[in-house]
Amino acid sequence: MSNITSLDTASEPTHQLQNLNDVQQLFDRILQTNKLFTNRDLLRSTYIPETLPHREKEITDLASILSPAMNLEAPSNVLLFGKPGVGKTAVVKLVGGELQKHGKALGKPIHILYINAQITDSLYKILTSIGQQLTSDSVGSISSSGLPVDVILARIISGIDTQKQVIIIVLDEIDRIKDDAALYTLTRINEGLNLARVSIIGISNDLKFTEFLDPRVKSSLGEESMIFCPYDAEQLQDILRDRIKTALKPNVIDEDVIPLCAALSAQEHGDARRALDLLRVSVELAERKNERIVAAKHVRLAQSKIEKDRIAEVVRNLPAQQRLLLHAIRMLQRYYEHAGKQSIMTTGEIYDRYTELSKKVHYATLTQRRIGDFIAELDTLGILSARVVSMGRRGKTRQIQMTVSSAELEHILKEDEFTEELGQFKMKNQTKLL
DNA sequence: CCTCCACCGGAACGTGAGGAGT
DNA sequence: ACTCCTCACGTTCCGGTGGAGG
């Protein structure tokens, strides 16, 4: 989700490709116009470089915390805190990779398991993920469902405990794990082991996440903790400069591009991921226009493109009911825009439109309770903003505003299955809205 | 100061899919 | 064939609430 792949408008050939020859010519043409990058992937935020500027201290700190693993002793559990894009994951992957490499060279079995707890958010899923990641080495195969949790746990324990080894479980977005018992079980896993040792590295965006934990879990997980500060604009510039040395050809960017990318991202809590995406997309845009130099205007374009692409991508992958809800919002929004009013909607209004639309397309009409949850979800996805307000006698509700205009929303929804069917559909009871 | 609207949001529960063991 | 497991997705029920208007 973090990556906006951008092959879409790169080549919109106006003619049909007739045969292989044409295809080859197309590739040749793209190669020729590919003048700015030497290696595009180095500007992706998922790429882990060998050096992380301004994270030297964090790297050595984490390395020393994990160093007992080299003697096959369990390192302390660690919690890493910091806003998105400040290098938490990168530092862990870098240090973890080195550790594994050194361990291998010395014949010490050290495993780093990376688990994204945003997706893998229950004990059951975490355990099966551990099982699957270890399958290739020591544990027998473990399937994705069907067994009771304790059976899976027992299998993993017996699978792991066949030799002296250290297993470090990285739980990214650990604050997303709702189930307290899951963390409790994980922190106590060592108690069932004789030979192997397990440590946990938790990564969290939320500094306050430990406040609500069981005290035993809290003290166990937080044996060590590290806080990652946001990068400032200067540091972001260093990071970008470091990357472009190998990612881009020399002298292809204006001198104000890097400071601009850095400044724009520094405004958003110093997010290096954002800065890299911004730079990469800027270069892509310049390249497509066959320009030799990336300039500030490309950065501005890139900024809005990234946001639009992100929203479009999210919307496309939404389940049908949620897209239907967006259609309802779109209609209301358009209505408000035509009336020249600010399009701030309430849950009730939206629910009424949604009810009409769902009947029209013969879909089940979900309850308002459920739709309320959808609205909250769309809010966290950043495609609308909803805040709870009280309107006195007129009750308490969410005020909802789209982050894109109705025209853009319409454009994004254009290709989905509802658009045609709803084409001429008019809202009932429009007066009710006034 | 009190009321009362129009929802919010937690909790418990139901159903059905996908899979495992016996 | 049957039982038992988890998860995803929804519903039902219901207590809670900020503040404009009486």
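Fair warning: this is a prediction, and the values are worked out from it, not measured in the lab. (Residues numbered from 1 in each chain as written. Chains lettered and ligands numbered in written order. Predicted model: local features only at pLDDT ≥ 70, side-chain atom pairs only at ≥ 80, totals over all residues. Heavy atoms only, no water.)

Draft legend 1. Fine view of the protein's contact with DNA strand B. Around DNA strand B sit 17 residues, and of these R155, T347, R369, R393 and R398 come closest. Protein-proximal atoms of DNA strand B, defined as those within 4 Å of the protein, fall in sugar or phosphate at a share of 61%. One nitrogen or oxygen atom from the side chain of T347 is found 2.7 Å from a phosphate oxygen belonging to DNA strand B. Within the side chain of R393, a nitrogen or oxygen atom sits 2.5 Å from a base oxygen of DNA strand B. Secondary structure elements with two or more residues in the surface near DNA strand B: helix 13 (347-360), helix 14 (368-380) and strand 8 (396-402). No other element matches the three residues that strand 8 contributes to the surface near DNA strand B. Classifying every residue of the surface near DNA strand B by side-chain character gives two nonpolar, nine polar and six charged. (Near = heavy atom within 4 Å. Polar contact = N/O pair within 3.5 Å; in protein donor to acceptor, adjacent residues only side chain to side chain. Helix = DSSP H or I, 4+ residues; strand = E, 2+ residues; numbered from the N terminus. Nonpolar A, V, L, I, M, F, W, Y, C, P; charged D, E, K, R; others polar.)

Draft legend 2. Focus on the confidence of the model for chain A. Mean pLDDT over chain A works out to 88, with 89% of the residues at or above the 70 mark. pLDDT under 50 marks residues 1-14. Its contacts with residues more than four places away, or in other chains, come to 15 contacts. (pLDDT = per-residue confidence, 0-100. Contact = heavy atoms within 4.5 Å.)

Draft legend 3. Structural context of the nonpolar core. Counting 35 residues, the largest nonpolar core has L325, L326, I329, I383 and L384 as the members making the most contacts within it. Among the elements of the structure, helix 11 (296-316), helix 12 (320-338), helix 13, helix 14, strand 7 (384-390), strand 8, helix 15 (406-413) and helix 16 (417-422) are those that each provide at least two residues to this core. Per-element accounting of this core gives the leading share, nine residues, to helix 12. The residues contacting L384, other than those within four sequence positions of it, are I329, I375, L378, D379, I400, Q401, M402 and T403. Counting residues in hydrophobic clusters, the runner-up holds 33 residues, among them F81, L123, L171 and L186. (Core = buried A, V, L, I, M, F, W, Y, C linked by side-chain atoms within 4.5 Å. Buried < 20%, exposed > 50% of the residue type's maximum accessible area, 1.4 Å probe, protein only.)

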